[in-house]
Each structure stands twice: as structure tokens, then as C-alpha cells.
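So the chains spell out like this:
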Amino acid sequence: MVDVTCSLAEPELRRRAVDAACGRAPFDILLCNGRVADVATGELRYADVGLVGPLIASMHPTGQRQDATQQFDLKGAILAPGLIDSHVHIESSMVTPRIYAQTVVPQGTTTICWDPHEIGNVSGLPGVRWAIEASKGLPLRILVEAPSCVPSAPGLERSGADFDATAMAEMLFWPEIIGVAEVMDMRGVVNNAPRMTAIVNAGLKSDKLVCGHARNLAGENLQAFMAAGIESDHELTSKTDILEKLRSGMTLELRVSHENILPEAVAAFEELGMVPQTVTLCTDDVFPDDLLRRGGMVHHLRCLVALGMNPLDVLRCATLNTAQRLERRDLGLVAAGRRADLVVFDNLTDFTPQDVFASGVHVASRGTLITTLPPELPGMPVNTVKRTPVTSSDFKIPHTEKSKVKIRTVSTPRTTHWGEREIDLEDGYLILPPDTALMAVFNRYGDNSPPGLGVLEGWGDWSATIGTTILHDSHNLAVFGRDPEEMARVANTLIASGGGMAVAKADKHLVQVALPVCGLLSPENLEIVSKHFTDVRDAAANATTWNGPTSMIKLVTGASLACNPGPHVTDLGITDGMTGDVFSTMVLDDV
């Protein structure tokens with residue numbers, strides 16, 4: 001196993017490196033006949049690189065040295081710094097940190113900044129501690145951040161834990177924690193709400209990072225958000241949004257999980273005539289099938305280069321810019337004295353990784369991990385769906401005997417808007433119009449109260465039922481559909497399996513990906529998880545006639561994001577993240 005956290009400050013290591021650089025001793029490893037991607041100067045030039053232990057000892061002219069215990073002939077391939085993912089939720093891959101490392105290290109990623117926000121919402125401080133311990137001993141450097149918004153929208157939803165300023169201070173005291181993860185309660189920050197102010201101030205007092213989530217913030221609200229001490233954002237929406245945030249001095253975490261924003265970013269850089277050093281790259285949320293088929297950070301590189309960005313600028317954003325943001329002077333550059341986190345690419349168009357080194361150890365070759373992984377950490381957080389079975393009556397909306405009633409609706413997915421609708425009643429229950437669906441959100445943390453209910457418009461015509469315990473960010477149990485019996489069957493399937501995702505059609509056929517760890521992750525390997533998830537994703541895509549740019553699986557998992565503006569259904573009812581309104585009933589009045 002490789003120790004990616006080993007110190008570079010050992011005097012004996014530095015003595016050996018100096019001797020090797022001067023020719024008084026051989027290198028441990030010599031990478032020869034390659035082209036170094038110099039992300040500091042923007043040059044691509046031939047050079048050989050000598051390693052001593054975890055350290056780069058020398059970068060020198062090609063062929064100048066031959067003395068090394070082991071040599072790698074790169075045959076003109078490109079030697080680049082290991083990729084650094086500036087913001088990721090491993091939970092979106094639906095696998096454990098061990099399996100995640102096994103997947104992304106061969107793709108060239110050697111460091112990630114993980115916000116275990118989803119695990120924190122489900123399992124609290126013990127869950128975050130598990131995330132930290134499960135990250136140790138891997139060939140991937142996992143820098144863990146302290147989840148800041150558990151729940152993400154206090155008062156608008158309930159999750160499995162509640163992290164106040166005291167909990168934040170405790171996590172920041174842990175040496176493995178590098179800072180405060182994305183602050184999502186924008187309204188709380190801008191309004192100087194005591195709870196959120198205390199959490200942010202705990203981060204500032206710790207002198208660690210304070211990361212943000214500034215979706216749709218502009219003008220004085222953006223300035224207020226930054227004045228509070230929050231430094232970064234990945235919730236980018238347009239060229240205008242990107243330019244305003246860059247010009248405000250915010251660090252951007254440009255994410256590949258929302259590829260539609262990448263052309264906007266490239267256009268912004270073209271307008272500026274340069275790519276600022278405050279631009280970093282991240283994956284944020286990548287589903288298992290995409291991670292297996294296309295990759296994470298490496299796919300990000302390909303996308304940006306295909307859009308016309310200079311490959312060396314792209315690499316700089318994925319390496320040196322992020323290292324500087326993290327104040328990690330050992331990372332991000334192929335240079336003597338730096339840590340030997342390196343990736344060999346065959347070219348700078350499709351970025352096929354040939355070999356990967358982590359702290360000077362050859363850990364992956366030709367897309368396969370070649371180092372030993374530790375076993376899975378025992379004591380995984382399971383049995384987190386604490387909900388008794390539901391019945392079809394939970395999906396029926398009773399009302400007084402009137403012929404019609406006016407209700408408030410959640411109109412359009414993702415960027416939601418308030419709507420109103422007159423609907424019929426029959427036998428004391430509301431009858432869903434044919435172009436709508438019901439969304440029901442059950443608290444799954446021990447409170448067996450009735451679900452929050454909302455009627456969705458603009459999702460197309462429904463012909464199936466979708467259920468999930470991946471529900472940003474409370475990760476309660478949500479069910480979408482029209483048939484109460486089928487909705488109950490899907491909900492009870494997920495309750496029995498300890499969480500996951502499932503889709504059922506009227507013919508009784510049901511597909512499922514079981515996620516028993518926090519109702520979010522599977523201990524299985526990525527190939528198995530990807531297969532089951534693909535079945536669910538494809539079934540979800542055919543559940544409605546929706547044909548918008550965002551996949552149905554992303555729409556359902558984000559449909560309860562109560563921290564964002566507009567109406568969202570949570571376990572408490574229909575809420576609005578900007579006004580703080582909570583409506584326990586959808587009924588407005590009788591007609």
C-alpha cells in the first residue's frame with residue numbers, strides 16, 4: 001500500500017533527493033523521454049524527471065542521466081501533475097471511498113476534496129468520522145471537508161442530524177478536516193441568521209477553508225455572501241454569472257456534472273482573454289455509470305479541450321490552481337521539491353492515462369490499479385431507513401366534499417416556480433389531472449408522520465413510479481407517480497432494502513439499485529452498481545414523456561433541494577428556499 005499522506009519534511013529524504021539531483025546518488029525512479037506539461041509557464045517541453053521516494057528530485061534535459069533503480073521510457077508521452085478534484089460528493093458514485101479510489105486513480109486523479117454532506121445528513125458526526133476513516137490507506141488523497149448545512153435548509157426539511165456551530169467546531173478540530181464544506185443556506189448567510197453566521201465564523205476562526213454554494217446570487221447578495229467569509233462557488237449558471245463571480249474575486253469550482261455550463265465558461269474566459277488562476281475544476285456529482293464509462297476529472301479535461309480551451313490552461317485549472325487554492329505547496333506542478341503525484345497521458349486531446357504515480361509509487365497502469373487496496377473498513381453505517389411500511393392511503397389527498405378545489409403546484413422541474421391549478425374531487429379525495437404527478441416525501445429518520453405532498457407540473461405525462469432515498473439534501477424517502485398502490489410498493493421496496501432507487505410500471509415489473517450504506521452507497525464494485533443503476537436510470541427515463549436537457553434521474557434526486565429558490569417538496573410540505581415559507585397543505589381554497 002502507498003502512503004499518500006507521508007511527510008516530505010524528513011531530513012533524510014531531502015538529503016537523498018539533493019544527492020540524487022546533484023548526481024551523487026541514483027534516483028529511485030527515472031521517467032525519461034517524456035514531454036513535461038509545465039502548467040506554470042504553459043509550455044510543453046521534453047525533459048526527464050527523477051524521483052526519490054515520494055519526492056520529485058530533479059527535472060533535467062532528456063538523456064542527461066541514466067542512473068536509477070527503475071526506469072520508465074515514456075516514448076514522447078506527456079507527464080503532468082496528478083489531477084486534483086476541487087469539490088466532489090463521493091456519494092453520487094454510489095460506492096464506498098475504497099471503490100471510488102480504485103476507479104479514479106487509474107484515470108489520473110490523485111487528490112480530491114470530499115464533502116461528505118450526504119453521509120452527514122443521514123448519519124451525523126459518526127457518519128463523517130466513518131468517511132474520514134474509510135478514506136485512509138488508499139492510493140487516493142482524500143481531503144475531507146466538514147459538512148456545513150445539515151440540514152441544508154433548517155426549518156424547511158428534516159434530516160438525520162443537525163450540525164450547529166458546536167458540531168462544526170468539533171469537526172474543524174479534527175486534523176483530517178481541511179475546512180468548511182459548501183455553505184448552502186444562502187438566505188441564512190445573507191440575512192445574518194445566527195445559526196449560519198456562527199457556523200461560518202467557526203470556519204474563519206479555524207483558519208481553514210470556507211467553501212460556498214452561491215446559486216443565482218448576484219449584486220449585493222453575492223457581495224454579502226462573500227463578505228461573510230465564503231470564498232468559492234460551483235453553482236454556476238451562465239456566462240454572466242461566471243464573469244460576475246470571477247470579477248468579484250470568488251474561486252470557481254467549474255463542474256463537469258453540469259456540462260451545459262462549460263461552453264458558458266469558455267466564452268467567459270475568451271471575453272477576459274485569459275483563464276484566471278481562481279478557476280479550478282471539479283466533478284461534484286457523477287453517477288456510477290458515467291464514472292465508469294467516461295470518467296470523472298479526465299472527462300472534464302476532454303470536454304473543455306473539445307470546446308477550444310488550451311490544454312495547458314485546462315491542466316492548470318485541474319492542478320496548480322487547485323493546489324494554490326488548497327494552500328498545498330507540495331501539489332500541482334512537475335518540479336523538483338514537489339510531491340511525485342504524476343500522470344502520464346498519451347496526448348492532450350483525449351487524455352488517455354497510461355501510468356499514474358502517487359507519492360512516488362507506481363499505482364496504476366493502462367487504466368488498471370496495480371497497488372494493493374486495504375479491506376473495507378468494518379462498521380459501515382447501515383440500517384438508516386427507519387420508517388415503518390407505508391400504504392396506498394399515504395398517497396391519497398383527502399378534502400371536504402366539494403366538486404373542485406384550487407391547489408398550489410410545483411411547476412417545472414429543476415428551476416421551479418409556483419403554480420396554481422383547479423382540480424376535481426371524488427369520494428373526498430383530490431383527483432390528479434392527467435398531466436401531473438404526485439411527489440411524496442417521507443421522513444426516514446424515525447418519525448413516521450405523514451409525508452409531505454406536492455403536485456408536480458411540467459414533468460411530462462407519467463406512466464411509471466420512481467422512488468429514491470438519494471434526495472438532495474435531506475435524503476429522505478421520495479416517491480413520484482400517479483398510482484397509489486404502485487407508489488406504496490416502490491416505497492416499501494426501498495424501506496426493506498435499506499435504501500436505494502427503484503422504478504416500477506403498471507405491469508408490476510420493478511428495477512432497483514440497493515444502497516444499504518446510509519441509503520446512499522453500495523459495498524459492491526462499480527461494475528455491479530453501474531449495471532443496476534443503468535437499469536434504474538433507463539427505466540426512469542421512460543417513466544414520463546419529459547424530453548428536457550436534464551435527465552429524469554437527476555431531476556428526481558434534486559427535486560427536494562429546499563435551499564434553492566422556488567417551491568420544493570420536503571418531508572414538511574411544500575417549501576420555498578428564498579422566502580422560508582412552509583405549506584403543510586397544497587390546498588388554497590374551495591372553488
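On a predicted model such as this, the values are computed, not experimentally measured, just so you know.

Visitor: Just to check I follow, could you spell out the overall build of the protein chain for this structure?
Guide: Helix and strand counts for the protein chain stand at 16 helices and 30 strands. For a compact globule of 591 residues, the expected C-alpha radius of gyration is about 25 Å, and the protein chain comes in at 25 Å, within 12% of that figure. Expressed along its principal axes, the backbone C-alpha trace of the protein chain runs to roughly 95 × 50 × 45 Å. Split into buried and exposed, the 591 residues of the protein chain put 60% on the buried side. Long-range pairs, those at least 24 residues apart, make up 69% of the contacts in the protein chain between residues at least 6 apart in sequence. Looking at the protein chain as shown, the accessible area adds up to about 21,300 Å², and 51% of this sits on carbon and sulfur atoms. Here the protein chain contributes 49 positive and 72 negative side-chain charges, whose respective centroids are spaced 4 Å apart.

Visitor: Explain empty space enclosed by the protein here, please?
Guide: To find leftover empty space, a probe the size of one water molecule is rolled over the atoms. Scanning all chains against the criterion turns up 5 cavities of 30 Å³ or more. The computed volume of the largest cavity comes to approximately 60 Å³. Lining of the largest cavity is provided by 13 residues; of these, Pro81, Gly82, Leu331, Gly332 and Asp341 occupy positions nearest its centre. Each residue belonging to the lining of the largest cavity can be placed in one class, and the counts come to 6 nonpolar, 4 polar and 3 charged.

Visitor: Sorry if this is basic, but what is going on with the pattern of salt bridges here?
Guide: Note that side chains of opposite charge can pair when their charged atoms are close. In the structure shown here, the tally under the stated rule is 36 salt bridges. One salt bridge in this structure joins glutamate 176 and arginine 129, with 3.2 Å as the shortest N-O distance. Linking glutamate 176 in the loop between helix H4 (165–173) and strand E9 (177–183) with arginine 129 in helix H3 (residues 117–134), this pair joins segments that are 47 residues apart in sequence. If you follow the salt bridges from partner to partner, you end up with Glu12, Arg15, Asp19 and Arg24 in one network.

Visitor: I tried to follow the packing of helix H11 (residues 297–306) against helix H12 (residues 311–318) on my own but got confused; where do I start?
Guide: When two helices pack together, their arrangement is given by the angle between the helix axes and by the axis-to-axis distance. For the pair H11 and H12, the least separation of the axes is 9 Å and the interaxial angle reads 145°. Seen from above, H11 lies across H12 with right-handed handedness. For the pair H11 and H12, the contacting residues are Met297, Leu301, Leu304 and Val305 in the first and Pro311, Val314, Leu315 and Ala318 in the second. Across the contact of H11 with H12, the residue classes break down as 8 nonpolar, no polar and no charged.

Visitor: What am I meant to see in the sheet that holds E9 here?
Guide: Whenever strands of a sheet pair, they do so through backbone hydrogen bonds, lying parallel or antiparallel. Pairing is parallel in the open sheet, where 5 strands are placed in the order E6-E7-E8-E9-E10. The sheet terminates laterally at strand E6 (83–88) and strand E10 (209–212), the two strands that pair on one side only. Strand-to-strand twist of the sheet, defined as the mean angle between neighbouring strand axes without regard to direction, takes the value 25°. For E6 and strand E7 (residues 109–114), the ladder comprises 4 bridges, and the chain directions are parallel. Across the sheet, residue valine 88 finds its bridge partner in E7, namely tryptophan 114.

Visitor: Looking at this structure, I do not really get helix H7 (residues 219–227). What am I missing?
Guide: An α-helical segment advances 3.6 residues per turn. Residues three or four places apart therefore align on the same side. Restricting attention to buried positions, one finds in H7 the residues Leu222, Phe225 and Met226. Angular distribution of buried residues about the axis of H7 spans 95°; they occupy a single face of the element. Turned more than 90 degrees off the buried face of H7, the exposed positions are Glu220 and Ala227. Close packing links the buried residues of H7 with E9, helix H5 (186–190), E10 and helix H8 (239–247). Residue glycine 229 follows H7 closely and has a positive phi angle near 115°.

Visitor: Got a minute to help me understand the packing of aromatic side chains in this structure?
Guide: By convention here, two paired aromatic rings are described through the distance between centres and the angle between planes. Inspection of the entire model under this criterion finds 8 aromatic pairs. Note on phenylalanine 72 and phenylalanine 357: the rings are 5.3 Å apart at their centroids and 90° apart in plane angle, and the pair reads as edge-to-face. With phenylalanine 72 in strand E4 (residues 68–73) and phenylalanine 357 in strand E15 (residues 353–358), the pair connects residues that are 285 residues apart, well separated along the chain. Of the residues examined, phenylalanine 72 reaches a relative accessible area of 14% and is grouped as buried. Given a relative accessible area of 0%, phenylalanine 357 falls into the buried group. Measuring from ring centre to ring centre gives 4.9 Å for phenylalanine 287 and phenylalanine 533, while their planes differ by 40°; the resulting arrangement is tilted.

Visitor: In this structure, what is going on with the nonpolar core? I would like to understand it.
Guide: As a rule of thumb, nonpolar side chains are buried together in soluble globular proteins. Residues Leu315, Phe395 and Met586 are the most contacted members of the largest nonpolar core, which totals 169 residues. Contacts of methionine 586, omitting those with residues within four sequence positions, involve Ile397, Lys406, Ile407, Arg408, Leu430, Leu438, Leu453, Gly454, Val455 and Ile574. Within the second largest apolar cluster, 16 residues are counted, among which are Leu31, Val49, Leu51 and Leu74.

Visitor: Just checking my understanding: could you explain unusual backbone geometry for this structure?
Guide: Note on backbone geometry: most residues besides glycine have negative phi, and most peptide bonds are trans. Following valine 150, the chain continues into proline 151 via a peptide bond in cis, with omega recorded as 0°. For proline 151, the position within the fold is in the loop between strand E8 (141–146) and H4. Residue histidine 472 is joined to aspartate 473 through a cis peptide bond whose omega torsion reads 0°. Mapping aspartate 473 onto the fold places it in the loop between strand E23 (464–468) and strand E24 (477–481). Its identity is not glycine, yet histidine 475 carries a phi of approximately 55°, on the positive side. Mapped onto the secondary structure, histidine 475 falls in the loop between E23 and E24.

Visitor: What's the story with the pairing of strand E13 (residues 279–282) in this structure? I'm lost.
Guide: On a regular strand, each side chain points to the face opposite its neighbour's, so the side chains alternate between the two faces of the sheet. Burial along E13 is two-sided: the face carrying Val279 and Leu281 and the face carrying Thr280 and Cys282 are both buried. Pairing of strand E12 (residues 251–255) with E13, which is carried by 4 bridges, proceeds in the parallel orientation. Across the sheet, the residue bridging to leucine 254 is leucine 281, located in E13. Remark: the E12/helix H9 (residues 262–272)/E13 crossover connection has right-handed handedness.

Visitor: Would you mind showing me how to read the side chain of histidine 234 here?
Guide: Residue placement: histidine 234 occurs in the loop between strand E11 (232–233) and H8. In this structure the side chain of histidine 234 is engaged in a polar contact, spanning 3.5 Å, whose partner is the side chain of histidine 87. If near-sequence neighbours (up to four positions away) are discounted, histidine 234 is found in contact with His87, Glu182, Gly212, His213, Glu253, Arg255, Cys282 and Asp284.

Visitor: Quick question: what am I supposed to make of the sheet that holds strand E27 (residues 567–570) here?
Guide: If you walk across this open sheet you meet the 3 strands as E27-E28-E29, and the pairing is antiparallel. Two strands bound the open sheet, and with one partner strand each, they are E27 and strand E29 (582–583). Inspection of the sheet shows strand E28 (residues 573–576) paired to E29 by 2 bridges, in the antiparallel sense. For threonine 575, the partnering residue across the bridge sits in E29 and is valine 582.

Parameters at a glance
Residues numbered from 1 in each chain as written. Predicted model: local features only at pLDDT ≥ 70, side-chain atom pairs only at ≥ 80, totals over all residues. Heavy atoms only, no water. Helix = DSSP H or I, 4+ residues; strand = E, 2+ residues; numbered from the N terminus. Rg over C-alpha atoms; globule rule 2.2 N^0.38 Å. Buried < 20%, exposed > 50% of the residue type's maximum accessible area, 1.4 Å probe, protein only. Contact = heavy atoms within 4.5 Å. Areas by Shrake-Rupley, 256 points an atom, 1.4 Å probe, with all protein chains shown as cover. Lys, Arg positive; Asp, Glu negative; His and termini not counted. Charge placed at Lys NZ, Arg CZ, Asp CG, Glu CD. 1 Å grid on protein atoms, 1.4 Å probe; cavity = no way out; pocket = protein on both sides within 12 Å on 5 of 7 lines; lining within 4 Å. Points joined across faces, edges and corners; volume = space filled by probe spheres on them. Nonpolar A, V, L, I, M, F, W, Y, C, P; charged D, E, K, R; others polar. Salt bridge = Lys/Arg side-chain N within 4 Å of Asp/Glu carboxyl O. Axes fitted to C-alpha atoms, helices over the stretch in contact; angles between N-to-C directions. Left-handed = near helix turned anticlockwise from the far one by under 90°. Pairing = 2+ DSSP bridges. Arc of directions from axis to C-beta. Phe/Tyr/Trp six-rings, centres within 6.5 Å; stacked < 30°, edge-to-face > 60°. Core = buried A, V, L, I, M, F, W, Y, C linked by side-chain atoms within 4.5 Å. Right-handed = clockwise from strand over helix to strand, strands pointing away. Polar contact = N/O pair within 3.5 Å; in protein donor to acceptor, adjacent residues only side chain to side chain.

These figures come from the coordinates and say nothing about function on their own.
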